[in-house]
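Single-letter residue listing:
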Amino acid sequence: MLSWDQTPELAPMRCCRAWVEINLAALRHNVQQLKGLLPAHTQMMAVVKADAYGHGAVTVAQTALQSGAAWLGVATVPEGIELRSAGIQAPILVMGAVNHAEEMRAMAHWRLQPTLVNPKQALVFSDLLSRLASDRPVTVHLKLDTGMTRLGFPWAEAVEFVRFVRQLPHLNIDSLYSHLATADSPDPTIMTQQHQRFRQAVTALGHHHLLPSRLHLANTAATLAAPALHYDMVRIGLGLYGLYPAPHLQTTVRLQPVMQVKARITHLKEVPAGTGVSYGHQYVTDRPMRLGVIGIGYADGVPRPLSNQMEVLVKGQRVRQVGAITMDQMMLDLTAVPNLQEGDVVTLLGRDGPHAITPDDWAAMTNTISWEILCGFKHRLPRIAIADPAMALGGVSSPLET
Ligand SMILES: *Cc1c(COP(=O)(O)O)cnc(C)c1O
């Protein structure tokens, strides 16, 4: 990630057509707010998979660790290697399944901690470590399926699973965990059932003196929803980035959005009524208009289905986007905003004056979830880390305030 201070020649105000601002003060605030919900013995894992939900994994991981997170969670081995290569020493859990021997070798080498989901996988991993003749045991985490029906061994067979893995050489079980399917729903029925199953597994393991020392179950939604789900660690993704998993979970803490997306007006033009705009001429002007082109498009992470629906903020005003969003550019109706010039900055996600546009707004318009909107910003736009709160343009905002 580019840092505002280190790369003045790339400062967005000077050269970029579009960029993502990452407000590290907001990130620190969110970590502290969420940690404030937890009892002293409960640790926080910062979930930084998918390049920290589009925010930049290394910078987010470093900032979260400095602010009170103790663990990092990723989905894949390369994501873990990226963090280790940047010098990060904190424990890293790889939450995705790892089946390939090369990946297992890499995990041992980079001290990444795998999720094991069945006895066979544990056996393969243990055998591989025997052949590597490594005397350092690998720390592993066992996953139960309590109702997500994704990764994990059946919860009712937890005792057999743990007992089997315990007797394998080279493996050191750190934790037992599971993942909730409906923690963001206002209806707690299924979450309660999953919690009961997890508790039953824990009770049975305790009975057989097989209980791993660390238990964890909660994502952001469960962390906000119920202290009983906190256990020894919570795995926080979305909340780190300042978004709420659901409107009814907005009451416990005040989170600040970390990401803002901005672009520059690259071209202004006056057009008469009846002018077709962009591919397909889906939009035709019904009056004379001043249109602005901005240099950001669907290849940068703006979903194309927002075409002719989304608004952006410019000089504290909301304006409409018109015509099909293209790969690298899109058009705006700027007729109502006086004194604009090419080079002026437009806010696509974030706050400008009284207005804010959030990933939740985009998610609602495109029939998806804010998680997917954030993850869209991972490739092409430079990310500018803003470390000084005075430079942060966004205040506290929430999905319902817009
Ligand atoms: C992605 C993920 C999380 C984080 O979920 P959020 O809803 O973003 O907090 C936690 N646990 C697991 C297993 C995950 O895959």
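In this report, the structure presented in the accompanying data block is examined. (Residues numbered from 1 in each chain as written. Predicted model: local features only at pLDDT ≥ 70, side-chain atom pairs only at ≥ 80, totals over all residues. Heavy atoms only, no water.)

1. A few points about the side chain of Asn30
The condition that has to hold: Starting at the N terminus, helices and strands are each numbered in turn, a helix being any DSSP run of H or I of at least four residues and a strand any DSSP run of E of at least two. Burial here depends on accessible area, computed with a 1.4 Å probe over protein chains only, as a share of the maximum for the residue type. Under 20% is buried, over 50% is exposed, and the range in between is partly exposed. Think of a polar contact as two N or O atoms within 3.5 Å of one another; within protein, one of them needs to be a possible hydrogen donor and the other a possible acceptor, and neighboring residues in sequence only count if both atoms come from side chains.
By the element assignment, Asn30 lies in helix α1 (residues 24–35). The exposure class of Asn30 is buried, given its relative accessible area of 0%. At a separation of 3.0 Å, a polar atom in the side chain of Asn30 contacts the main-chain carbonyl oxygen of Leu240. Here Gln256 takes part through its backbone nitrogen, which lies 2.8 Å from a polar atom of the side chain of Asn30.

2. Remarks on unusual backbone geometry
With a phi close to 45 degrees, Tyr231 is a non-glycine residue in the positive phi region. Looking at the secondary structure, you find Tyr231 in the loop between α9 (220–225) and β11 (233–236). Tyr231 gets classed as buried once you look at its relative accessible area, which sits at 18%. Look at Asn339: it is not a glycine, yet its phi comes out positive at around 60 degrees. Residue placement: Asn339 occurs in the loop between β18 (330–333) and β19 (345–352). A relative accessible area of 68% places Asn339 in the exposed class.

3. Here's the deal with the packing of α1 against helix α3 (residues 57–67)
Heads up, the condition is: Each axis is a line fitted through C-alpha atoms, and for a helix only the stretch in contact is used; angles between axes span 0 to 180 degrees, taken between their N-to-C directions. In this scheme, roughly parallel covers angles under 35 degrees and roughly antiparallel covers those over 145, while 65 to 115 is roughly perpendicular and the rest are oblique. By definition, any crossing whose near helix is turned counterclockwise from its far helix by less than a right angle is left-handed, and any crossing with a clockwise turn is right-handed. By definition, residues are in contact when any of their heavy atoms lie within 4.5 Å. For this classification, Asp, Glu, Lys and Arg are treated as charged, while Ala, Val, Leu, Ile, Met, Phe, Trp, Tyr, Cys and Pro are nonpolar and the rest, including Gly, are polar.
Interaxial distance between α1 and α3 falls to 9 Å at its minimum, and their mutual angle equals 45 degrees. Of the possible angle classes, the one that applies to α1 and α3 is oblique. Classified by chirality, the crossing of α3 by α1 is right-handed. Listed contacts from α3 to Leu24, Leu27, Arg28, Val31 and Gln32 of α1 are Thr59, Val60, Thr63, Ala64 and Ser67. A breakdown of the residues in the contact of α1 with α3 according to their chemical character gives five nonpolar, four polar and one charged.

4. Quick word on the layout of surface pockets
Applied cut-off: Here a cavity means grid points, on a 1 Å grid over the protein atoms only, where a 1.4 Å probe fits yet cannot get out; a pocket means an open set of points with protein on both sides within 12 Å along at least five of seven lines; lining residues are those with an atom within 4 Å of a point. Grid points are joined across faces, edges and corners, and a volume is the space filled by probe spheres set on the points.
In this structure, the largest pocket occupies an estimated 550 Å³ of space. Taken together, 26 residues line the largest pocket, and the ones lying closest to its centre are Lys49, Arg150, His179, Asn219 and Trp371. Those elements giving two or more residues to the lining of the largest pocket turn out to be α2 (49–54), β5 (92–97) and α9. When its residues are assigned to classes, the lining of the largest pocket shows 15 nonpolar, six polar and five charged.

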